[in-house]
Amino acid sequence: MAEATANGLGQHTLHGTQAHDTAATGIAPAEVHQEHPIKLYLVVWGWLFILSACSYLVDYVGLQGYLRWSLILIFMMLKAGLIVAVFMHMAWERLALTYAIILPPILVLVFVAMMVFESEYTLITRTLFFGTEP
């Protein structure tokens, strides 16, 4: 009745029912295992290699200032996004779980940007009231 598969889960093949038909097989949806093609992982590995090479090239070329840090942060976020999406399987999760994981870091970045703009205002205010720059 039940056949063992390579990943250890049993798939019921009783009277031609499919393994993904949870009502006929009795397997809960959480127990169904999905395997992705190796090509997907190789492509992601290739992109991670390319993005890492680009971030090393930023230092090798000798870029300085905001351009350097902007490029390093962009490459870092792209690599982290690929890792989270593919290797942590967030690309196949529910939208609510994706929002729960992705939305807080975006809000933190917004708050950091607000603090950067506020710091300029604070510096100007201190200069006007105290008369000297720090």
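In this text the structure is predicted, and so the values were computed from the model without any measurement.

Overview of a nonpolar patch on the surface
Residues Leu95, Leu97, Tyr99, Ile101, Ile102, Leu103, Ile106, Leu107, Val110, Phe111 and Met114 make up a contiguous nonpolar surface patch of roughly 1000 Å² in combined accessible area. In this fold, Met114 is placed in helix H4 (residues 95–130).

Quick look at the packing of helix H2 (residues 38–61) against helix H3 (residues 66–87)
At their nearest, the axes of H2 and H3 sit 9 Å apart, and the two run at 165° to each other. Looking at the two axes, H2 sits roughly antiparallel to H3. Seen from above, H2 lies across H3 with left-handed handedness. When H2 is examined against H3, the residues Leu40, Tyr41, Val44, Trp47, Leu48, Leu51, Ser52, Cys54, Ser55, Val58 and Asp59 are found in contact with a partner set consisting of Arg68, Leu71, Ile72, Phe75, Leu78, Lys79, Leu82, Ile83, Val86 and Phe87.

Some words on the environment of Gly81
The topology assignment puts Gly81 in helix H3. Its relative accessible area of 37% is what places Gly81 among the partly exposed residues. C-alpha separation for the pair Gly81 and Ile102, spaced 21 residues apart in sequence, amounts to 9.5 Å.

Notes on the confidence of the model for the chain
Looking at the chain, pLDDT values average 78 and 72% of them are 70 or higher. Ignoring residues within four places in sequence, the model shows residues 1–19, a span with pLDDT below 50, making 26 contacts including any to other chains.

Brief notes about the pattern of salt bridges
Tallying each qualifying case throughout the model produces 1 salt bridge. A salt bridge links Asp59 to Arg68; its shortest N-O distance comes to 2.9 Å.

Concerning the packing of aromatic side chains
Under the definition given, this model contains 2 aromatic pairs. Centre to centre, the rings of Tyr41 and Phe87 are 5.7 Å apart; their planes meet at 20°, and the pair counts as stacked. Remark: Phe87 occurs in helix H3 and Tyr41 occurs in helix H2; sequence separation between them is 46 residues. Assessed through its relative accessible area of 23%, Tyr41 is described here as partly exposed. Here Phe87 falls in the partly exposed class, since its relative accessible area comes to 38%. Pairing Trp45 with Phe49 gives two aromatic rings, centres 5.9 Å apart and planes at 20°, and the pair type is stacked. Placement of the pair is Trp45 and Phe49 together in helix H2, with a separation of 4 residues, close to one helical turn. Comparing Trp45 with Phe49 shows no difference in burial state: the two are exposed. One cation-aromatic arrangement involves Arg68 over Trp69; the distance from NZ or CZ to the ring centre is 5.1 Å.

Criteria and thresholds
- Residues numbered from 1 in each chain as written.
- Predicted model: local features only at pLDDT ≥ 70, side-chain atom pairs only at ≥ 80, totals over all residues.
- Heavy atoms only, no water.
- Patch = residues over 30% accessible without salt bridge, like charges linked within 9 Å, V, L, I, M, F, W, Y side chains within 5 Å.
- Areas by Shrake-Rupley, 256 points an atom, 1.4 Å probe, with all protein chains shown as cover.
- Salt bridge = Lys/Arg side-chain N within 4 Å of Asp/Glu carboxyl O.
- Helix = DSSP H or I, 4+ residues; strand = E, 2+ residues; numbered from the N terminus.
- Axes fitted to C-alpha atoms, helices over the stretch in contact; angles between N-to-C directions.
- Parallel < 35°, antiparallel > 145°, perpendicular 65-115°, else oblique.
- Left-handed = near helix turned anticlockwise from the far one by under 90°.
- Contact = heavy atoms within 4.5 Å.
- Buried < 20%, exposed > 50% of the residue type's maximum accessible area, 1.4 Å probe, protein only.
- pLDDT = per-residue confidence, 0-100.
- Phe/Tyr/Trp six-rings, centres within 6.5 Å; stacked < 30°, edge-to-face > 60°.
- Lys NZ or Arg CZ within 6 Å of the ring centre and 35° of its normal.

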